[in-house]
Amino acid sequence: MGALEAAVAVLARAADDGATVVLSGHVQPDADALGSTLALAEGLRRRGARVTATFPGPFVLPESLAWLPGAGALVSSDRLPADPALVVSLDAADTRRLGDVAAVLESAPVSLVVDHHASNPGFGTVQLIDPDAAATVALVADLLEGLGVPLDGTLATCLYAGLAADTGSFRFGNTAPGTHLLAARLLETGIDHARISQRLFDSAPFGWLGLLSAATGRAVLEPATGAGLVWTWATTSEAAAHGLAPDHLEALVDVVRAAQEADVACVLKGADDGSWSVSLRSRGSTDVSAVAQALGGGGHRMAAGFTSHRDREGTIAAVRELL
Ligand code: MN
């Protein structure tokens, strides 16, 4: 039995039993983590399972994702049902990315890990891990098909959000013929993809422009570091001063990585506790997942990240060293 068939079998059994199932994406969930969680939760619900969808604390949903169908029914990870028969991890590259849900997964009799990160070491009792999948939502689409759940606008909206986000709106190298075929199936349900993209990528409070100006204004170009490094930083308190939630820091790297003199773009996002959440992007010649993994994180060749408890200079020095 292949990995997909094994995963479908585990989900189908839970649905047929009307079992209690907990689904979770990774900490600070993005569109792929939430889209895959919400789509699979809804599919399993339609098949008869008792489903709770969550993500690891802090239980704060980015405004750009709070509108996803089913997001209002997400449950905080400290209020999960006791003794679920099955726990499903979605888009989490390792157990650390599951935060406080990791213990729930580890104590469940059966756990299913659905992911597309090449750095995923493999955890859980059943695994559907495919680094060739453009997004975790693509694997969820296969699972829903295997479960016999037809796609409709609700499911397609969640799946499309993850697919568009993880492929950079079908611009990144992970976009394959199958990615477009899936997108076509999703569009055929009648979803308003332009509106979805606008809400995901092109909507922010006016204060975003001020934060962007400050962060890009202090960007540093280091052409001699590796194949070239461009980096900058911003903090959650600085975001707050511009009237922005912390998740608005996530989009900074998408602007910074345009600097063509640098193969690697790096944005240090300072949290209130003094730690730095670091985003790395490559233009192609550097494997940033190797850098992130060496520093305790993970991700993909072209996009990766890690958390640092050093100060700002110490953090960028560690990145510089590895490049
Ligand atoms: Mn993903």
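Rules behind the numbers
- Residues numbered from 1 in each chain as written.
- Predicted model: local features only at pLDDT ≥ 70, side-chain atom pairs only at ≥ 80, totals over all residues.
- Heavy atoms only, no water.
- Pairing = 2+ DSSP bridges.
- Helix = DSSP H or I, 4+ residues; strand = E, 2+ residues; numbered from the N terminus.
- Axes fitted to C-alpha atoms, helices over the stretch in contact; angles between N-to-C directions.
- Contact = heavy atoms within 4.5 Å.
- Domains from an automatic or database assignment.
- Buried area = accessible area lost by both parts, 1.4 Å probe.
- Salt bridge = Lys/Arg side-chain N within 4 Å of Asp/Glu carboxyl O.
- Polar contact = N/O pair within 3.5 Å; in protein donor to acceptor, adjacent residues only side chain to side chain.
- Nonpolar A, V, L, I, M, F, W, Y, C, P; charged D, E, K, R; others polar.

### Brief notes about the sheet that holds strand β2 (residues 50–54)
One open sheet accounts for 5 strands, arranged β2-β1-β3-β4-β5; its pairing is parallel. At either margin of the open sheet sits one strand with a lone partner, and together these are β2 and β5 (126–129). Pairwise comparison of adjacent strand axes, ignoring direction, gives a mean angle of 15° for this sheet. Relative to β5, strand β4 (residues 110–115) is paired through 4 bridges, and the arrangement is parallel. Pairing of D115 across the sheet is with I129, part of β5. Helix-sheet contacts for helix α4 (residues 136–146) involve β3 (86–90), β4 and β5, and the interaxial angle to β4 is about 125°.

### A word on the domain arrangement of the chain
Think of interface size as the accessible area that goes away when the parts come together; that is how it is often given. Once the domains are mapped, the chain shows domain 1 (3–201) and domain 2 (207–322). Spacing between the C-alpha centres of domain 1 and domain 2 amounts to 26 Å. For the domain 1 and domain 2 pair, buried surface summed over both sides reaches about 690 Å², with 44% attributable to carbon and sulfur atoms. Linking domain 1 with domain 2 are 0 salt bridges. Applying the counting criterion to the domain 1 and domain 2 interface returns 3 residue pairs in polar contact (both at pLDDT 80 or more). Class assignment for the residues of the side of domain 1 that touches domain 2 results in 3 nonpolar, 3 polar and 3 charged.

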